[in-house]
Every structure is written in C-alpha cells, then in structure tokens.
Amino acid sequence: MSLTSDPPLDRTSGPQAEAASAIDYGALTVVPVRHPWRWAAVVATAVLLAQFLHGLVTNPGWEWDVFARFFTAETILKAVWITLQLTFYGTVLGFALGIVLAFMRLSASPFLGAVAYAYIWAFRSIPLIVQLLFWFNLAYLYKELQFGIPFGPGFFSFDTMNLVGAMSAAVLGLALHQAAYAAEIVRGGVLAVDSGQLEAAAALGIPRYRQLWRIVLPQAMRSILPNAANEIISLFKGTSIVSVMAIGELFYQVQVVYGRNGRVVPLLMVATVWYILLTTVLSVLQHYVERHYAKGAAR
C-alpha cells in the first residue's frame, strides 16, 4: 500500500518503458572484470618459483649424485624404520592415555579432574627434550622398581638399568608428552557434541558405555581428527629430538653419515625428502579417515 496520495506509477508505459524496450541487449559487449594486480602477483610468483627450481637443479652445491646414493642406503632405511616405530608407539600409547585423561577431566569427581589437569599442566610445561633426558637417566634416581603392598613390603622388583633402555625411554617420553596434548584434543571433541545426544540416548535406556562408544565418539571424531592428525605429524617430525639419546633414528643417522664424509647438504636433503614423503602419506590417510567419519554430514 502506498503511503502517499500520489497515484502509482505505471512502469509498463511512457517514454522510459519505450526507451528500455528499444535497447538491443544482444548487441551489448560483455567485458570481464580486470584484475591487473592479481596477474602481476601470479607472474612474479611464477618467476621466483622458476628461479628456485632452476637453482635447485643446476646448483652443484646440492650434490644430487650423493643424495641419490644415500637416499635408499641400508643405514638410512633402518633409521626410517626406527622413526616410524617411535611415531607409532608414541601415538598409540599417547592417545590411549590421553583418552583416559580426557574422561578424567570430564568426570564429576573433583579429585580425578584435578589429577588429570595437573598431569596435562606439567607435561605441557616441561620441554620434551628435558622429559626424554629425565627418563633416560631414570636409573640414577631409582635403582630398582618394586611391586607389592603400598608403603609395605615388595613381592618382586626390576632393575631400572636393564628395564629402561634408550629406546624404551624415548617411547615412554614421547608417549607421556603426547598424552597431555591428546587429552585436550579428545576433551574438546567430546565437548563439541551436543549434550542433547546423551539426553536422548539416556531416555532410550542405552547404557552409558554404549552412549560414549556408539554415539558421542563417532560424532566427536569429526572435531578430533584434524587436530589429532596435526599432533601425529608433529610427533613424527619431533622424533628427531631423540638424537640427543644416541638413538639411530633418521636425523641422528644422517648426522652420523655426514659427520664421516662431510657431505652435509645432500645428507640433510635425504632426511628432508624422507620427512616430506612420509608426512604426505600421513596427510593422505588423514583425508580418507576424515571422509569416512563425515559420511553423515557431507553430501
């Protein structure tokens, strides 16, 4: 309804309508939007990339013949296998403990929540290299570990010097460190699930364990997976820090080789390319796992 007393305009007649009908839209030239600065940025980036690749191929300092000789050497392949073992055990043990810590923080018990919070706070505050050296020197503090009655006699004991070696200390340090971050990732994923899901499941009489396993965790995985994959990749690259314990993982073995022959740059490129290849494989696996858990949401 018009708010004035003027009569409505008739847009279907009059000089304006005649002028509009006289326009031949087919004769108009469509001009695309110009983006000169975008093309300038593309050209500049392409030139810099071409210069980098040209230098990578033609610069003799890279010593690609040395790179090719050592890339699949037996010592390097063994070091890659040790790196994968450290990543696997650190991930499995770390996330297993992290799930326990996450549900301890989510529990209604103030004591369990405080213990889990203290663990996460401590292990996120202490640098990983310090933790690894501490576990590596555990025998200095505790000569043996006894199992028995708390504050009472022990039934049997283990010698820590033989029990915790370099590899065991590395796995233990990586797993305990990873658990602190995994706990927060899992807790954040569980909190992202609508609380109404649990209320509906409880109303249907579904047991608490099945609520978590069949309803909460599958939905939480969509929030957990991206952060968890980042942590796994970071752990994979972070295994290089165990070189301070003289464990023959990839970076340590590369250091040993170029310490003998002096070919620092090509040996570092060997480690770099292996890290890139294995990280790419982990990223591809992440993509397929995320797509699996997004079946109910992505169409």
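Coordinates for the structure precede this section.
Conventions we followed
Residues numbered from 1 in each chain as written. Predicted model: local features only at pLDDT ≥ 70, side-chain atom pairs only at ≥ 80, totals over all residues. Heavy atoms only, no water. Helix = DSSP H or I, 4+ residues; strand = E, 2+ residues; numbered from the N terminus. Buried < 20%, exposed > 50% of the residue type's maximum accessible area, 1.4 Å probe, protein only. Contact = heavy atoms within 4.5 Å. Areas by Shrake-Rupley, 256 points an atom, 1.4 Å probe, with all protein chains shown as cover. Patch = residues over 30% accessible without salt bridge, like charges linked within 9 Å, V, L, I, M, F, W, Y side chains within 5 Å. Salt bridge = Lys/Arg side-chain N within 4 Å of Asp/Glu carboxyl O. Core = buried A, V, L, I, M, F, W, Y, C linked by side-chain atoms within 4.5 Å. Axes fitted to C-alpha atoms, helices over the stretch in contact; angles between N-to-C directions. Parallel < 35°, antiparallel > 145°, perpendicular 65-115°, else oblique. Left-handed = near helix turned anticlockwise from the far one by under 90°. Nonpolar A, V, L, I, M, F, W, Y, C, P; charged D, E, K, R; others polar. Lys, Arg positive; Asp, Glu negative; His and termini not counted. Polar contact = N/O pair within 3.5 Å; in protein donor to acceptor, adjacent residues only side chain to side chain. Phe/Tyr/Trp six-rings, centres within 6.5 Å; stacked < 30°, edge-to-face > 60°.

### Here we look at the overall build of the protein
Regarding its fold elements, the protein presents 13 helices and 2 strands. Buried positions account for 29% of the 299 residues belonging to the protein. A separation threshold of at least 6 residues defines the contact pool for the protein, and within that pool the share at least 24 residues apart is 71%. Of the accessible surface of the protein, which amounts to about 20,000 Å², a share of 66% is contributed by carbon and sulfur atoms.

### Describing a nonpolar patch on the surface
On the surface, Phe134, Tyr140, Leu141, Tyr142, Leu145 and Phe147 cluster together into a nonpolar patch covering about 640 Å² of accessible area. Broken down by secondary-structure element, the contributors of at least two residues to the nonpolar patch are helix H7 (138–141) and strand E1 (144–148). Mapped onto the elements of the fold, Phe134 is located in helix H6 (residues 128–136).

### Some details on the pattern of salt bridges
Scanning the model with the defined rule gives 4 salt bridges in all. Here Glu184 makes a salt bridge to Arg105, at a shortest N to O gap of 3.1 Å. Separated by 79 residues along the polypeptide, Glu184 in helix H9 (residues 166–191) and Arg105 in helix H4 (residues 74–106) bring together distant segments of the chain. For Arg105, a relative accessible area of 26% corresponds to the partly exposed category.

### A few points about the nonpolar core
If you look at the biggest cluster of nonpolar residues, it comprises 24 residues, and the most contacted ones within it are Leu101, Tyr119, Leu174 and Val242. The set of elements that each furnish at least two residues to this core consists of H4, helix H5 (110–125), H6 and H9. With 8 residues, the single largest contributor to this core is H9. With residues up to four places along the chain from it excluded, the contact list for Leu174 reads Leu86, Leu128, Leu132, Leu235, Thr239 and Val242. Val66, Leu267, Trp274 and Leu278 belong to the second largest nonpolar core, which has 19 residues in total.

### Some remarks on the packing of H4 against helix H11 (residues 208–238)
Direction vectors running N to C along H4 and H11 enclose 140°, while the axes themselves pass 12 Å from each other. With respect to H11, the element H4 is oriented oblique. As for how H4 packs across H11, the hand of that crossing is right-handed. Across the interface between the two elements, Thr83, Leu84, Thr87, Gly90, Thr91, Phe95 and Phe103 of H4 pack against Leu212, Leu217, Ala228, Ile232, Leu235 and Phe236 of H11. Per-class residue counts for the contact of H4 with H11 are 9 nonpolar, 4 polar and no charged.

### Quick notes on unusual backbone geometry
Positive phi is not limited to glycine here, since Glu63 has a value of about 50°. Mapped onto the secondary structure, Glu63 falls in the loop between helix H2 (36–58) and helix H3 (64–71). Exposure remark for Glu63: the relative accessible area of 23% places this residue in the partly exposed category. The backbone phi angle of Ala246 is positive, close to 60°, even though this residue is not glycine. One can find Ala246 in the loop between H11 and helix H12 (250–261).

### What about the side chain of Glu249?
Looking at the element boundaries, Glu249 is found in the loop between H11 and H12. Lys237 is the oppositely charged side chain nearest to the buried, salt-bridge-free Glu249, at an N-O distance of 13 Å. For Glu249, the side chain forms a polar contact with the main-chain nitrogen of Tyr252, separated by 2.7 Å.

### Concerning the packing of aromatic side chains
This structure, assessed with the given rule, holds 8 aromatic pairs. Where Trp62 meets Trp64, the ring centres are 6.0 Å apart and the plane angle is 20°; that geometry is what we call stacked. Of the residues examined, Trp62 reaches a relative accessible area of 24% and is grouped as partly exposed. With a centroid separation of 5.2 Å and 75° between ring planes, the pair formed by Phe134 and Trp135 is classed as edge-to-face.

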